[in-house]
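# Fold and geometry: a report
This is what each chain is made of:
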Amino acid sequence: MSQTLTLADDDATAALGRRLAARLAPGDLVLLEGDLGAGKTALARAIVRTLVGDERLDVPSPSFALVQPYEANGHPILHADLYRLGDPREVDELGLFDRPDAIVLVEWAERSAEVVAQGTVQVTLAVPPGGAGRVATVAFADGRSLPPP
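Residues numbered from 1 in each chain as written. Predicted model: local features only at pLDDT ≥ 70, side-chain atom pairs only at ≥ 80, totals over all residues. Heavy atoms only, no water.

Before going further, it helps to spend a moment on the overall build of the chain. Regarding its fold elements, the chain presents three helices and seven strands. Listing each helix as α and each strand as β along the chain from the N terminus yields β-α-β-α-β-β-β-α-β-β. Principal-axis analysis of the C-alpha atoms places the extent of the chain at approximately 40 × 35 × 30 Å. Relative to its 149 residues, the chain shows a buried fraction of 44%. Within the chain, counting contacts between residues at least 6 apart in sequence, those at least 24 apart form 62% of the total. Taken as two groups, the 13 positive and 21 negative side-chain charges of the chain have centres that lie 5 Å from each other. (Helix = DSSP H or I, 4+ residues; strand = E, 2+ residues; numbered from the N terminus. Buried < 20%, exposed > 50% of the residue type's maximum accessible area, 1.4 Å probe, protein only. Contact = heavy atoms within 4.5 Å. Lys, Arg positive; Asp, Glu negative; His and termini not counted. Charge placed at Lys NZ, Arg CZ, Asp CG, Glu CD.)

Quick look at the structure:
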């Protein structure tokens, strides 16, 4: 079952990130999908900051590094961006599956069938016609749901 939410602004996107973080567990692979500018990095930034417990944490886009690592409560968090991947087989070199206790957030996951196949949470972001806010659809593979706002 999926949940669809209308996000009026960046604050609403950050609030969704906090709600998602509350439901994530070690081993989750979160697929962040949407066009350029849809809010994938903003959402991932809010998730990472919540998991780490630091709202001021610098969470840069992993566009050029491909993977940004963090740690929370002894568990790794990996924020990856596959947009610049030249070949889907290159995903093996990123180490996304090296730690089964990691929470992995992947932007542009659709560039690797292997990553998509292992996803446990799918978040699709879209900018509606007219460009006001965004629409988020969240689906947990195991039936979890978002906590109330």
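A few words now on the pattern of salt bridges. Note on pairing: side chains with opposite charge can pair once their charged atoms come close. Taken as a whole and judged by the stated rule, the model has five salt bridges. One salt bridge in this structure joins Arg89 and Asp87, with 2.6 Å as the shortest N-O distance. Overall, the relative accessible area of 64% leaves Arg89 in the exposed class. A residue is classified by how much of its surface remains accessible, and Asp87, at 22% relative accessible area, is partly exposed. The shortest N-O distance in the salt bridge between Arg99 and Asp101 comes to 2.9 Å. Overlapping salt bridges, with partners in common, bring together Asp28, Asp142 and Arg144 in one network. (Salt bridge = Lys/Arg side-chain N within 4 Å of Asp/Glu carboxyl O.)

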